[in-house]
Amino acid sequence: MSYRTEQTYLLWIRRFAKFHGQPPEDMGAPEIEAFLTDLAVRGNVTAATQNQALSALLFLYRHVLQGEFPQLENVERAKRPSRLPVVLTRQEVRLVLDTLHDPYRLMASLLYGSGLRLSECLRLRVKDVNFAQKQIVVRQGKGAKDRVAPLPSTVVEPLREHLKAVRQRFEAEGEARVPVLLPDALDRKYPQAPFEWAWHWVFPAAKPSSDPHTGAVFRHHFLEDTLQRAVKKAMKTAGLDTRASCHTLRHSFATHLLESGSDIRTVQELLGHKDVSTTMIYTHVLNRPGLVVRSPLDD
């Protein structure tokens, strides 16, 4: 699992043990039910947060303690709120993008123009950008699924120039080049791949960092909070009163595609949603099936 998932699971396991004041191996269904119910009733957490805590405990009992997860029958479930996503108008998106400077403008343009999640944008590798077909291959998105996203024509030249500058720094490192992390232990199968340009990050971090598990030094990609702060500042500078974030640009991508007449199932595929019901939240406009998809950034 990702390092962030590890940290989140550890947090919930510690909270569970602290809540009852005893180690998890000495507890069972009554203690788990009491903890999850307290989160919903007294903690007033969302359904997603309660499910996250449940997933952490499920992993603990099945894979760490190597036992059966107890049957839960008396858990008060947190209510799942029905909220519409925050969506910017096309003019508001333009104001935000015009306020940003590269590379943040380029990254924000991909969030809106390609419908990428924040993590998907930052984890892009050079080999996954196809300029000829104007496509981006998103690897291991949410649910560990791959998908294809559009590469807006407006972004092609700025992205080429960005990659040209990144490659110059890449080549200048020479023998002192720091490897990048590869997924699924591919570095053992292809030992030279972490040093190759094709596997390099599109948005690499300025400085190397150490792996939290092994201490080995790698070239990481841009940190998420760096782009988040830049976008938040840009929205404030643009005078937007709405509570928006990086993910708002992805919401706007989906909504503007539907407004332009794209089919709901096409939008579902572009967003990488497992079920079309997730995409249905954007259907506050009528859609007309059968139209060729055009990135809203190009409009």
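The residue numbers shown here count from 1 along each chain, following its written sequence. Under the rules for a predicted model, residues below a pLDDT of 70 receive no local features and side-chain atom pairs below 80 are neither given nor counted, while totals for whole chains, interfaces and linings still include all residues. Processing note: side-chain calculations cover all non-hydrogen atoms of the structure and skip hydrogens and water entirely.

1. Digging into the packing of helix 2 (residues 29-41) against helix 3 (residues 47-64)
So, step 1. Axis geometry follows a simple rule: fit a line to the C-alpha atoms, using only the stretch in contact for helices, then measure angles between N-to-C directions, giving values from 0 to 180 degrees. Labels follow the DSSP assignment, with helices taken as runs of H or I lasting at least four residues and strands as runs of E lasting at least two, numbered in each case from the N terminus. Closest axis-to-axis distance for the helix 2/helix 3 pair is 10 Å, and the angle between their directions is 160 degrees. What the angle tells us is that helix 2 and helix 3 run roughly antiparallel. As helix 2 packs across helix 3, the resulting crossing turns out to be right-handed. When helix 2 is examined against helix 3, the residues Ile32, Phe35, Leu36, Thr37, Leu39 and Ala40 are found in contact with a partner set consisting of Gln50, Ala53, Leu54, Leu57 and Tyr61.
So, step 2. Three categories are distinguished: nonpolar for Ala, Val, Leu, Ile, Met, Phe, Trp, Tyr, Cys and Pro, charged for Asp, Glu, Lys and Arg, and polar for the others, with Gly belonging to the last. Within the contact of helix 2 with helix 3, the residues separate by chemical class into nine nonpolar, two polar and no charged. Small angles under 35 degrees read as roughly parallel and large ones over 145 as roughly antiparallel, with 65 to 115 read as roughly perpendicular and the rest as oblique. Crossing handedness is read from the near helix: turned anticlockwise from the far helix by less than a right angle, it gives a left-handed crossing, and turned clockwise, a right-handed one. Should any heavy atoms of two residues lie within 4.5 Å, those residues are considered in contact.

2. Quick look at the confidence of the model for the chain
So, step 1. In this model, the chain carries an average pLDDT of 85, and 95% of its residues clear a pLDDT of 70 or more.
So, step 2. Mean pLDDT across the elements of the chain bottoms out in helix 12 (residues 276-279) (77) and peaks in helix 5 (residues 104-113) (94).
So, step 3. For every residue, the predictor reports its confidence as pLDDT, a number between 0 and 100. In this model, residues 285-292 is a region of pLDDT below 50 whose contacts with residues beyond four sequence positions or in other chains number 16 contacts.

3. Concerning the sheet that holds strand 3 (residues 147-150)
So, step 1. Across the sheet, three strands lie side by side as 1-2-3; this open sheet has antiparallel pairing. Taken across any chain shown, the strands that pair with only one partner, and hence form the sheet edges, are strand 1 (129-130) and strand 3.
So, step 2. By the bridge criterion, four bridges tie strand 2 (residues 135-138) to strand 3 in an arrangement that is antiparallel. Counted as the bridge partner of Val137 is Val148 from strand 3. Any two strands between which DSSP finds at least two bridges are classified as paired.

4. Brief notes about the state of the cysteines
Where two cysteines share a covalent bond between their sulfur atoms, that bond is called a disulfide.
So, step 1. Whenever a pair of cysteine sulfur atoms sits within 2.5 Å, that pair is classed as a disulfide. Evaluated as defined, the whole model comprises zero disulfides.
So, step 2. Left without a disulfide partner, Cys121 is nearest to the cysteine sulfur of Cys246, which lies 8.7 Å away.

5. Some remarks on the packing of helix 5 against helix 9 (residues 224-237)
So, step 1. Relative to each other, helix 5 and helix 9 sit at 90 degrees, their axes nearing to 10 Å. Considering their axes alone, helix 5 and helix 9 lie roughly perpendicular with respect to each other. Contact with helix 5, carried on its side by Tyr104, Met107 and Leu111, involves Thr226, Leu227 and Ala230 of helix 9 and no other residues of that element.

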